[in-house]
Amino acid sequence: PTCGSCSGMFTANSMNCLTEAIGLALPGNGTIPGVMAARIRLAKETGMQIMALLEQQITPRKIMTEEAVVNALSVDMALGCSTNTVLHLAAIAHELRLPFDLSRINEISRSTPNLCSLSPAGPHHLEDLDRAGGVSAVMKELSDAGLIHGNCITVSGRSVSEVMDRARVRNSEVIRGVEAPYRKEGGL
C-alpha cells in the first residue's frame, strides 16, 4: 500500500518477523511500516541498544539458542510465514551448530495453531498485524498456550516473557486466540 516491501507475508517480511521472534530485533521491527515515524524511532533505539549490548557483551550467539529457534518456528506457524523461512532458520541453526531436524517442523506445526491469515493466504496485511499488536502479541497468545520459551533473552535486554508482558492483542480478527485459530495446525 505504500513504499517499502510488499505488505504480504512473503520471505522478507516473514524473516523480519522471525528476527523479532528469535530475539534479534526490537519489538515492532517485524511489522512497523517503513513510512511511519515509529520506524525511524525504532532505528534510533536499535542503534543505542546495539551499543548497550556491546557494553554488556551480549552477542547474537547468547540470544539465538535452541529454544529461541523453536520460538521462531512456533511464530512461523502462527503467522503462516513463507516456506523460505525453513531455509533461513536451517542456515541459522547450522551456523550456531544447533540441531535442526526437519521432522521437528512438522511436530511444531501439529502443536501450533495458525493464528493469523495474512496475504497472500488471507485478507490481512502486515500493517494490520502491526495495528493488532504485532509479533509480540502473537507470541503472547502462543505463550499463554505454553508454546513459547519465555526465558530466552532478546536484544531489548529483556527476556521474551518481559517483552510479552507489554503486548496485547488489539484486534482478535487479525490475531486470533489459540481457542479460535484460523487453522488448528501451523500455517507452513
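Residues numbered from 1 in each chain as written. Predicted model: local features only at pLDDT ≥ 70, side-chain atom pairs only at ≥ 80, totals over all residues. Heavy atoms only, no water.

**Q** Break down the overall build of the protein for me, citing the residues and quoting the values.
**A** Check the secondary structure of the protein and you find nine helices and zero strands. Its helices and strands in sequence order give the protein the pattern α-α-α-α-α-α-α-α-α, from N to C terminus. Considered along the principal axes of its C-alpha atoms, the protein spans approximately 45 × 40 × 30 Å. Pairs at least 24 apart in sequence give 75% of the contacts found in the protein among residues at least 6 apart. Carbon and sulfur atoms provide 54% of the accessible area of the protein, an area that totals close to 9400 Å². (Helix = DSSP H or I, 4+ residues; strand = E, 2+ residues; numbered from the N terminus. Contact = heavy atoms within 4.5 Å. Areas by Shrake-Rupley, 256 points an atom, 1.4 Å probe, with all protein chains shown as cover.)

**Q** Hey, could you go over empty space enclosed by the protein for me, with residue numbers and the actual values?
**A** Enumeration according to the criterion identifies one cavity of 30 Å³ or more in this entry. Estimated volume of the largest cavity: approximately 80 Å³. Residue lining of the largest cavity: Glu 20, Ala 25, Pro 27, Ser 136, Met 139, Thr 154, Ser 156, Val 160 and Val 163, and that is the complete set. Mapped by element, the contributors of at least two residues to the lining of the largest cavity are α8 (134–144) and α9 (160–165). Class assignment for the residues of the lining of the largest cavity results in five nonpolar, three polar and one charged. (1 Å grid on protein atoms, 1.4 Å probe; cavity = no way out; pocket = protein on both sides within 12 Å on 5 of 7 lines; lining within 4 Å. Points joined across faces, edges and corners; volume = space filled by probe spheres on them. Nonpolar A, V, L, I, M, F, W, Y, C, P; charged D, E, K, R; others polar.)

**Q** Any details on the packing of helix α1 (residues 11–21) against helix α5 (residues 84–96)? Residues and values, ideally.
**A** Packing of α1 against α5 leaves a shortest axis separation of 9 Å and a crossing angle of 45°. Classified by the angle between their axes, α1 and α5 sit oblique to one another. The hand of the α1/α5 crossing is right-handed. In contact with Thr 11, Ser 14, Met 15 and Leu 18 of α1, α5 contributes Asn 84, Thr 85, His 88, Leu 89 and Ile 92. Tallied by class, the residues present in the contact of α1 with α5 amount to four nonpolar, five polar and no charged. (Axes fitted to C-alpha atoms, helices over the stretch in contact; angles between N-to-C directions. Parallel < 35°, antiparallel > 145°, perpendicular 65-115°, else oblique. Left-handed = near helix turned anticlockwise from the far one by under 90°.)

**Q** Explain the layout of surface pockets to me, and be specific about the residues and the numbers.
**A** Empty space within the largest pocket amounts to approximately 420 Å³. If you go around the largest pocket, you meet 23 residues; those closest to its centre are Leu 26, Pro 27, Gly 28, Ile 32 and Ser 136. Take the lining of the largest pocket: its biggest share by element is five residues, from helix α2 (residues 37–56).

**Q** Which residues make up the packing of aromatic side chains, and what are the values?
**A** Overall, the coordinates contain zero aromatic pairs when judged by the stated rule. The ring of Tyr 182 has Arg 176 lying over it, and the distance from NZ or CZ to the ring centre is 3.7 Å. (Phe/Tyr/Trp six-rings, centres within 6.5 Å; stacked < 30°, edge-to-face > 60°. Lys NZ or Arg CZ within 6 Å of the ring centre and 35° of its normal.)

**Q** Describe unusual backbone geometry, naming the residues involved and giving the relevant values.
**A** At the junction of Ser 119 and Pro 120, the peptide bond is cis and its omega measures out at 15° in the coordinates. Its location among the elements puts Pro 120 in the loop between α6 (102–111) and α7 (126–132). For Gln 57, which is not a glycine, the phi torsion comes out positive at approximately 60°. One can find Gln 57 in the loop between α2 and α3 (60–63). Positive phi is not limited to glycine here, since Arg 97 has a value of about 60°. Tracing the chain through its elements places Arg 97 in the loop between α5 and α6. Of the residues examined, Arg 97 reaches a relative accessible area of 71% and is grouped as exposed. (Buried < 20%, exposed > 50% of the residue type's maximum accessible area, 1.4 Å probe, protein only.)

**Q** Mind laying out the environment of Ser 136, listing which residues take part and the relevant values?
**A** Checked against the element boundaries, Ser 136 lands in helix α8. Relative accessible area serves as the criterion here: at 10%, Ser 136 is assigned to the buried category. Placed 68 residues apart in sequence, Ser 136 and Ala 68 show a C-alpha to C-alpha distance of 14 Å. What Ser 136 contacts, discounting residues up to four positions off in sequence, is Glu 20, Pro 27, Val 163, Met 164 and Ala 167.

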